[in-house]
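Observations on chain architecture
Listed below, chain by chain, are the residues.
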Amino acid sequence: MVDTHSRYCPAADARFTYRGEDVVQTLESICRKTGYPKTIRVDNGSEFISRDLDLWAYANNVTLDFSRPGKPTDNGFIEAFNSKLRSECLNAHWFLTLADSREKLETWRRYYNEERPHSAIGYNVPIALHNPGGATSQPS
């Protein structure tokens, strides 16, 4: 997941399968720390059209903004993020266990947020926009 304004990635949560209840669990752990967003843009994957996520969004006054089926350009920010994640992390490592993948994803997430400049935000790092005081990422 990625914030479209700051390009900050609050979590990269590796699992064998990802269900609606997993999305809710991840979102809830992040939102308890940072607050609830007004809108979350999602595609039409089964984990996003689940009753669990719909109920969570309703209970927390969060609007789910679904992209049109077959139109990845509706969600270009996450498509660009996924491309970077794939080329810089997923294609660069062998993952031996789920714990190993979580460790490598967290290392990449911290690099992405704290060290890697982004042209879309004036060659700043996402943490500088997300936490203007300069605090580093919290472990996910």
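Residues numbered from 1 in each chain as written. Predicted model: local features only at pLDDT ≥ 70, side-chain atom pairs only at ≥ 80, totals over all residues. Heavy atoms only, no water.

1. Section: the nonpolar core
Core analysis: the biggest nonpolar cluster contains twelve residues, these being Val23, Val24, Leu27, Cys31, Ile40, Val42, Phe48, Leu53, Trp56, Ala57, Val62 and Leu64. Looking at which element gives the most residues to this core, the answer is helix 1 (residues 20–34), with four residues. If sequence neighbours within four positions are ignored, valine 23 has contacts with Tyr18, Glu47, Phe48 and Leu53. Judged by nonpolar contacts, the second largest core, of ten residues, contains Cys9, Ala12, Phe81 and Trp108. (Core = buried A, V, L, I, M, F, W, Y, C linked by side-chain atoms within 4.5 Å. Buried < 20%, exposed > 50% of the residue type's maximum accessible area, 1.4 Å probe, protein only. Helix = DSSP H or I, 4+ residues; strand = E, 2+ residues; numbered from the N terminus. Contact = heavy atoms within 4.5 Å.)

2. Focus on the pattern of salt bridges
Pairing is possible between side chains of opposite charge, provided their charged atoms come close. Scanning all chains against the criterion turns up ten salt bridges. The residue glutamate 28 makes a salt bridge to arginine 32 at a minimum N-O spacing of 3.7 Å. You can see glutamate 28 and its partner arginine 32 sitting in helix 1, four residues apart, about one turn around the helix. Residue classification places glutamate 28 among the buried residues on the basis of a relative accessible area of 18%. Take arginine 32: its relative accessible area is 61%, and that puts it in the exposed class. Linking glutamate 106 and arginine 109 is a salt bridge whose minimum nitrogen-to-oxygen distance equals 2.9 Å. One end of the pair, glutamate 106, and the other, arginine 109, are both in helix 4 (residues 98–114), three residues apart, so they sit about a helical turn from each other. (Salt bridge = Lys/Arg side-chain N within 4 Å of Asp/Glu carboxyl O.)

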